Amino acid sequence: DAKTTQPTSMDCAEGRAANLPCNHSTISGNEYVYWYRQIHSQGPQYIIHGLKNNETNEMASLIITEDRKSSTLILPHATLRDTAVYYCIASSNDYKLSFGAGTTVTVRA
Amino acid sequence: EAQVTQNPRYLITVTGKKLTVTCSQNMNHEYMSWYRQDPGLGLRQIYYSMNVEVTDKGDVPEGYKVSRKEKRNFPLILESPSPNQTSLYFCASSFMWDDNYGYTFGSGTRLTVV
């Protein structure tokens, strides 16, 4: 799996968009970018994944740069319930995902 | 409701006393996996299974066993637990051949070995 680098923590304001960056400069052509989040010791929750096209679902949008070396997860209207640790994973094996330290996101009222 | 159910949620046991943590899913998922989570080490994969009777080691399999006799169940067995297996454990499942879905995780089992 390609190494991913995320900020340790970030704050965002409730109701505003939250933009979470992830660097994966050594990603290979067959590796997807996955995003999960974990709310306070609950089981992680799948958010979204993509290969090279931008993706959107009911939870978030994923923007992958054209060279695929970085991506951004966008939570369009952050709420207090979005406070969590967010994990960015780059992997070609969706049955051996490795979860790193992630970004602790705190949404403030 | 589609879910992954782990039991028990909390367990305190003594060194050397065999225990089993159960995991069951009701989504007909082929893939199931166990992770442990420790402070500063993130989530590490213990074992995974891609279908009935098919299991393989993850990154930290030592001291653990698993079995997959039925599609819905994937128990984690600690034959002789030791204090270094004190951790938060998560079971996960997903479809193997539909990449529109990610893993569904259980609520976790907090294990303390004294």
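See the structure shown above.
Description of the structure in this document. (Residues numbered from 1 in each chain as written. Chains lettered and ligands numbered in written order. Predicted model: local features only at pLDDT ≥ 70, side-chain atom pairs only at ≥ 80, totals over all residues. Heavy atoms only, no water.)

## Describing the state of the cysteines
Here is step 1: Applying the stated criterion to the full structure yields 2 disulfides over all chains.
Here is step 2: Cys22 of chain A shares a disulfide with Cys88 of chain A; S-S distance 2.1 Å. Residues Cys22 of chain A and Cys88 of chain A are joined by a disulfide whose S-S torsion is about -85°; by sign, that bridge is left-handed. Taken together, the positions of Cys22 of chain A in strand S2 (residues 18-23) and Cys88 of chain A in strand S8 (residues 84-91) put the pair 66 residues apart, joining distant regions of the chain.
Here is step 3: For Cys22 of chain A, a relative accessible area of 3% puts it in the buried group.
Here is step 4: Since its relative accessible area comes to 3%, Cys88 of chain A is described here as buried.
Here is step 5: A sulfur-sulfur distance of 1.9 Å marks the disulfide that ties Cys23 of chain B to Cys91 of chain B. Handedness of the Cys23 of chain B-Cys91 of chain B disulfide follows from its S-S torsion of about -75°: it is left-handed. Of this pair, Cys23 of chain B sits in strand S3 (residues 19-25) while Cys91 of chain B sits in strand S9 (residues 87-94), and the two are 68 residues apart along the sequence. Both residues of the pair, Cys23 of chain B and Cys91 of chain B, belong to the buried class.
Here is step 6: Left unpaired, Cys12 of chain A is separated from the closest cysteine sulfur, that of Cys22 of chain A, by 17 Å. (Disulfide = S-S within 2.5 Å. Helix = DSSP H or I, 4+ residues; strand = E, 2+ residues; numbered from the N terminus. Buried < 20%, exposed > 50% of the residue type's maximum accessible area, 1.4 Å probe, protein only.)

## Digging into the pattern of salt bridges
Oppositely charged side chains are able to pair whenever their charged atoms sit close together.
Residues and elements named next belong to chain A.
Here is step 1: Here the structure, examined in full by the defined rule, presents 6 salt bridges over all chains.
Here is step 2: For Asp11, the salt bridge goes to Arg108, with nearest N and O atoms at 2.8 Å. Here Arg108 lies in strand S9 (residues 103-108) and Asp11 lies in strand S1 (residues 9-13), a separation of 97 residues in the sequence. (Salt bridge = Lys/Arg side-chain N within 4 Å of Asp/Glu carboxyl O.)

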